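# A structural walkthrough
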Amino acid sequence: MKFPAVASKPYGSLRERLLSHVNSLSRQQRLIAEYLLDNLQEVPLLSVPQLAKRSGASEATVVRLCQSIGFTGFSDMKMEVVENLREEMHSPSSSLEKTSDAAAANDVLEAVAELERHNIDSTLKNIDRIAFESVAATLFQAGHIFTFGLGISAHLAELAAYLFTEHGLRANSFGTHFTSPREQLVTMRESDVLMVFSFPPYSRQTLEVLTEARERGMKTIAVTDRLSAPAVPTAGESLIVSSHGMTFTNATSSTIVLLNALVVEIASRHRGNTVDALSSINRILRDRNYLVEDE
């Protein structure tokens with residue numbers, strides 16, 4: 001296969017790495033390398049599933065290729081390219097019009113939606129249904145549910161606490177205004193449950209909170225992106241979701257689907273509690289005139 005002789009500066013380093021290792025790659029890794037060499041301008045907008053699909057290789061092979069050419073993983077490879085792009089954009093002789101044109105030619109909205117669909121489909125296909133039902137039972141039986149996460153996981157923790165409360169469960173999200181999140185464990189009892197959200201880059205604080213809660217005899221649940229994630233060995237129960245993002249932020253659609261499914265599972269098995277809670281919340285909102293009637 002003939003590769004282009006010239007590559008623009010932002011992609012030169014990646015191109016050189018691929019070409020210097022191409023003869024030592026496996027057949028599947030070569031498929032990915034060849035696709036990348038032909039489409040270097042797409043790298044900043046590619047995800048692992050997309051690259052695997054377009055090159056005809058597996059997602060695991062994508063990661064192994066990145067490691068074979070000297071990166072720690074796919075995100076590390078993208079980060080180098082993006083940094084090179086940033087430097088090029090701020091240079092006096094910047095000429096990224098072709099890259100911009102290539103990005104504009106793609107339907108970014110459709111690309112992101114496609115990735116989110118992949119995350120949801122992958123989660124539905126691979127999630128352990130027995131573990132899912134067990135987690136739902138653990139949450140319902142909890143004296144109180146505490147949720148925790150940092151970064152984008154903090155928003156997921158708040159959403160989880162909101163959904164649980166709306167369906168009749170006692171739930172709160174740990175705040176980040178304490179010196180240490182572990183301070184908030186002081187009020188937790190053995191009948192309480194801690195649910196953490198842990199996605200790359202994994203937070204040491206999240207693991208510390210999880211460890212201390214379990215050492216104090218509380219039930220713990222981790223929602224994370226892989227069985228090899230650091231939170232899995234520490235948590236009493238784990239649910240794995242696909243969270244591939246188009247950039248460096250983890251996608252959240254599959255986690256949101258999971259949370260909605262958990263509250264539906266709880267509501268279907270314990271309908272009376274949920275109906276009472278929803279009725280009370282609705283009455284409070286109407287009595288306080290917080291709701292605007294449909295015309």
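Our subject is the structure listed above.
Now for a description of the structure that goes with this document. (Residues numbered from 1 in each chain as written. Predicted model: local features only at pLDDT ≥ 70, side-chain atom pairs only at ≥ 80, totals over all residues. Heavy atoms only, no water.)

### Some thoughts on helix H10 (residues 204-215)
Because an α-helix packs 3.6 residues into every turn, residues spaced three or four apart end up facing the same way. To be explicit about the condition: Counting from the N terminus, the helices are the DSSP runs of H or I reaching at least four residues and the strands are the DSSP runs of E reaching at least two. Each helix should span, by expectation, one fewer than its residue count multiplied by 1.5 Å. Exposure is judged per residue with a 1.4 Å probe applied to protein chains only, and the accessible area is read against the type maximum: over 50% gives exposed, under 20% gives buried, and values in between give partly exposed. Regarding the arc, it is the one traced by the directions from the helix axis to the C-beta atoms. Whether two residues are in contact is decided by their heavy atoms: any pair within 4.5 Å suffices.
Across its 12 residues, H10 extends 16 Å between first and last C-alpha, which sits within 8% of the 16 Å expected from 1.5 Å per residue. Residues Thr206, Val209, Leu210, Glu212 and Ala213 constitute the buried set of H10. Mapping the buried residues of H10 onto a view down its axis gives an arc of 170°, with all of them on the same face. Away from the buried face of H10 by more than 90 degrees, exposed residues Arg204 and Glu215 are located. Those residues of H10 that are buried are in contact with strand S1 (145-148), strand S3 (193-198), strand S4 (219-224) and helix H11 (231-234). A positive phi of about 85° marks Gly217, the residue just after H10.

### Some words on the sheet that holds S3
Definition in use: Only strands that DSSP links by at least two bridges are regarded as paired with each other. Here the axes come from fitting lines to C-alpha atoms, over the contacting stretch only for helices, and the angles between their N-to-C directions go from 0 to 180 degrees.
Taken in spatial order, the five strands of this open sheet run S2-S1-S3-S4-S5, and their pairing is parallel. Pairing within the sheet leaves two strands with one partner each, and these edge strands are strand S2 (171-173) and strand S5 (237-240). Averaged over neighbouring strand pairs, the angle between their axes works out to 20° when direction is ignored. Across four bridges, S4 lies against S5 in parallel orientation. Counterpart to Val223 in the pairing with S5 is Leu239. Across the sheet, helix H12 (residues 253-269) touches S3, S4 and S5, and the angle it forms with S3 is around 160°.

### Description of helix H2 (residues 27-38)
With 12 residues, H2 ought to run about 16 Å at 1.5 Å a step, and its terminal C-alpha atoms sit 17 Å apart, in line with that. For H2, the full list of buried residues reads Gln29, Ile32, Ala33, Glu34, Tyr35, Leu36 and Leu37.

### Considerations on the environment of Arg15
Relative to the assigned elements, Arg15 resides in helix H1 (residues 9-21). Residue Arg15 is classed as buried on the basis of its relative accessible area, which comes to 14%. Taking the C-alpha atoms as reference, Arg15 lies 9.8 Å from Asp38; in sequence the two are 23 residues apart.

### A short note on the side chain of Lys78
In plain terms, the rule: Pairing of N or O atoms within 3.5 Å defines a polar contact, subject to two protein rules: one partner must be a possible hydrogen donor and the other a possible acceptor, and residues neighboring in sequence count only if both atoms are side-chain atoms.
Its place among the elements puts Lys78 in helix H5 (residues 74-89). Judged by relative accessible area, Lys78 falls into the buried class, the value being 3%. Within the structure, the side chain of Lys78 is placed 2.8 Å from the backbone oxygen of Leu46, a separation counted as a polar contact.

### Here we look at the pairing of S3
Convention followed: By convention, a crossover is right-handed whenever its connection, traced from the first strand over the helix to the second and viewed with the strands pointing away, goes clockwise.
Most of S3 is tucked away, with six of its six residues classed as buried. Because side chains alternate across S3, one face comprises the buried residues Val193, Met195 and Phe197, and the other comprises Leu194, Val196 and Ser198, equally buried. With four bridges connecting them, S1 and S3 associate as parallel partners. Along S3, the bridge assignment pairs Phe146 with Leu194. Two strands pair when backbone bridges link them, and S3 and S4 are joined in this way by six bridges, in the parallel orientation. Pairing of Val193 across the sheet is with Lys219, part of S4. Handedness of the crossover joining S3 and S4 through H10: right-handed.

All quantities given are derived from atomic positions and should not be read as evidence of function.
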